[in-house]
Amino acid sequence: MSKYRHNWMFRGMRPVAPVALMAVLLAGPLYGDKKKKENPPPAAPQEKSVLEQLDYSMIVWPQPPAIARVKYLNFFSTQKAEPAQQTTVKKKISFMEKMAGGAPPPVAATVKPRFALFAPYGMAVDSKNRLYVADGQVGAVFIWDTETKDLDMIKNGVHASFGLIVGLAIDDNDRLFVSDSGAHRVLVFNAQHKQEGSISQGMADPGGIALDKENRFLYVADTAWDQVLVYDADKFTLLRRIGTGGKNHILTEPGDFSKPTNVAVDDDGNLYVSDTLNNRIEIFDADGNFIRAFGKAGDGPEHFARPKGIAIDADGHIWVADGVQDRLQCFNREGKLLMYLGAHGMLPGQFRALAGLTIDKNNRIFTSEQFPGRVQMFRYVTNSEALAEWERQQAAEKKDSEKQQPAGNTNETSPAPARDTTNSKPPGSL
């Protein structure tokens, strides 16, 4: 007998004679039929959170009247919730409860998402615009449809054997590369998410990874070796190493690293490396030759405090995620700071333990955060798009100015209406 029934039927009651008990049982249905069945009170409407009430279209950087170069779109944190949170579940009625004239009230059923991001890091986007997120704590790769937020997963113990997954990369054939620092390897999955290969030669602690799709190189940042390992992306063989290994993270010379965490490749095949403990970004050509470095420790402009995620946009700008300062900084190829966004917090465009970063072919910027278990999605406005918007604004201002001119007034010496010259120059290259 359940605890509920025990408390309801017998608490505070003394034993009764069999005849009296039978009378109670026979009388129960008669009195029970007279009772009105009470329906559970309607569930109170759920209040929308602050994030759900925000107008995301108004969240841009920089703020008007400047032309926006980054727009906030959305975020991902859990599996899409099912609309069954206000349903009730009726408990099965036993014989004794029927004889006693009723049953316990229905129990409210709360449907919770089954899977939630816990510590997302590496990200990638396939040809179908699906977002892949590696979560080492959950032990799975989350795969989101960015429009519907429908979720698929590659799970540890079901589809693969993961240790501690960190980095992701996807090639033009939608082959997925997953770095696993716990198992000291990179796993390779085909477009159907079936494992088809494994790379482990020379690896100790693989982290962020990137693909040079033109030269067919797979770059792996190995934080234990203080090196970037270069593999043939098709044959899975080690080609060379960049940086000096085995020096216990003490090297600061250009071309060497101290715990490199992430890598990125531009359209020219140049390699960009987050040299995390040295608080700088290093750039190499496709042959592994050092080109330049920029950045230094600090909290001011062009400074870093543990740079991690790194990505290159369609205009060749270098975006860097700062794990301590919780901000994104955008640089040109010479390392000059162009803009930044972010701060500590949970609102759109704020971050907590910012880690991963990727930019897809649709100019969407994705960032991952460790503490709230969240991925934010932004839209980068390209140089050509910004220039077109500037030209549109200039044309609109000219048209408004002509409308304000009195009809038939051709006096060229008459004063022109005042104009806001804040945006009187084209945006140029961000």
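See above for the structure.
Residues numbered from 1 in each chain as written. Predicted model: local features only at pLDDT ≥ 70, side-chain atom pairs only at ≥ 80, totals over all residues. Heavy atoms only, no water.

Visitor: Honestly, the pairing of strand β7 (residues 140-145) in this entry has me stumped. Any pointers?
Guide: Each regular strand displays side chains that alternate between the two surfaces of the sheet. Among the six residues that make up β7, five are buried, leaving the element largely enclosed by the rest of the structure. As paired elements, strand β6 (residues 130-135) and β7 share six bridges and run antiparallel to each other. Its bridge partner lying in β7, R130 is registered against D145. The hairpin formed by β6 and β7 contains four residues between the paired strands, and G139 there has a positive phi angle of roughly 80 degrees. Hairpin connection, β7 to strand β8 (residues 151-155): the antiparallel pair is bridged by five residues, and K149 has positive phi, about 65 degrees. (Buried < 20%, exposed > 50% of the residue type's maximum accessible area, 1.4 Å probe, protein only. Helix = DSSP H or I, 4+ residues; strand = E, 2+ residues; numbered from the N terminus. Pairing = 2+ DSSP bridges.)

Visitor: When you look at the packing of aromatic side chains in this model, what are you seeing that I'm missing?
Guide: Geometry of an aromatic ring pair is reported as the spacing of the ring centres plus the angle between the planes. This model, assessed by the stated rule, comprises 14 aromatic pairs. Aromatic side chains Y56 and Y72 sit 5.0 Å apart centroid to centroid with 75 degrees between the ring planes, which places their arrangement in the edge-to-face category. Pair noted here: Y56 is in the loop between α3 (50-53) and β1 (60-61) and Y72 is in strand β2 (residues 70-76), with a separation of 16 residues, a long-range link. We classify Y56 as buried; its relative accessible area is 18%. Summarising the aromatic geometry, the rings of F142 and W144 are spaced 5.4 Å apart at their centres and angled 20 degrees between planes, so their arrangement reads as stacked. Here the aromatic residues Y56, W61, Y72, F351 and F378 are joined through ring pairs into a cluster of three or more. (Phe/Tyr/Trp six-rings, centres within 6.5 Å; stacked < 30°, edge-to-face > 60°.)

Visitor: Explain the sheet that holds strand β29 (residues 374-380) here, please?
Guide: Paired through backbone hydrogen bonds, the strands of a sheet run either parallel or antiparallel to each other. As summarised here, the arrangement of the five strands in space is β1-β2-β29-β28-β27, forming an open sheet in which the pairing is antiparallel. Edge positions in the sheet fall to β1 and β27 (354-359), since each has one partner strand and no second. Note that β1 and β2 share two bridges and pair antiparallel. The partner of W61 across the bridge, within β2, is V70.

Visitor: Could you clarify how one ought to interpret the layout of surface pockets in this entry?
Guide: If a probe the size of a water molecule is rolled over the atoms, the empty space left behind becomes visible. Computed from the structure, the largest pocket encloses a volume of approximately 1200 Å³. Broken down by secondary-structure element, the contributors of at least two residues to the lining of the largest pocket are β5 (120-125), β9 (165-170), β13 (206-212), β17 (260-265), β23 (307-312) and β27. Residues of the lining of the largest pocket, tallied by class, amount to 20 nonpolar, 14 polar and 15 charged. (1 Å grid on protein atoms, 1.4 Å probe; cavity = no way out; pocket = protein on both sides within 12 Å on 5 of 7 lines; lining within 4 Å. Points joined across faces, edges and corners; volume = space filled by probe spheres on them. Nonpolar A, V, L, I, M, F, W, Y, C, P; charged D, E, K, R; others polar.)

Visitor: Hey, could you run me through the sheet that holds β13 in this one?
Guide: Strand order in the open sheet formed by four strands is β13-β14-β15-β16, with antiparallel pairing between adjacent strands. Edge strands, defined here as strands with exactly one partner in the open sheet, are β13 and β16 (238-242). For this sheet, the mean inter-axis angle between neighbouring strands, taken without regard to orientation, is 20 degrees. (Axes fitted to C-alpha atoms, helices over the stretch in contact; angles between N-to-C directions.)

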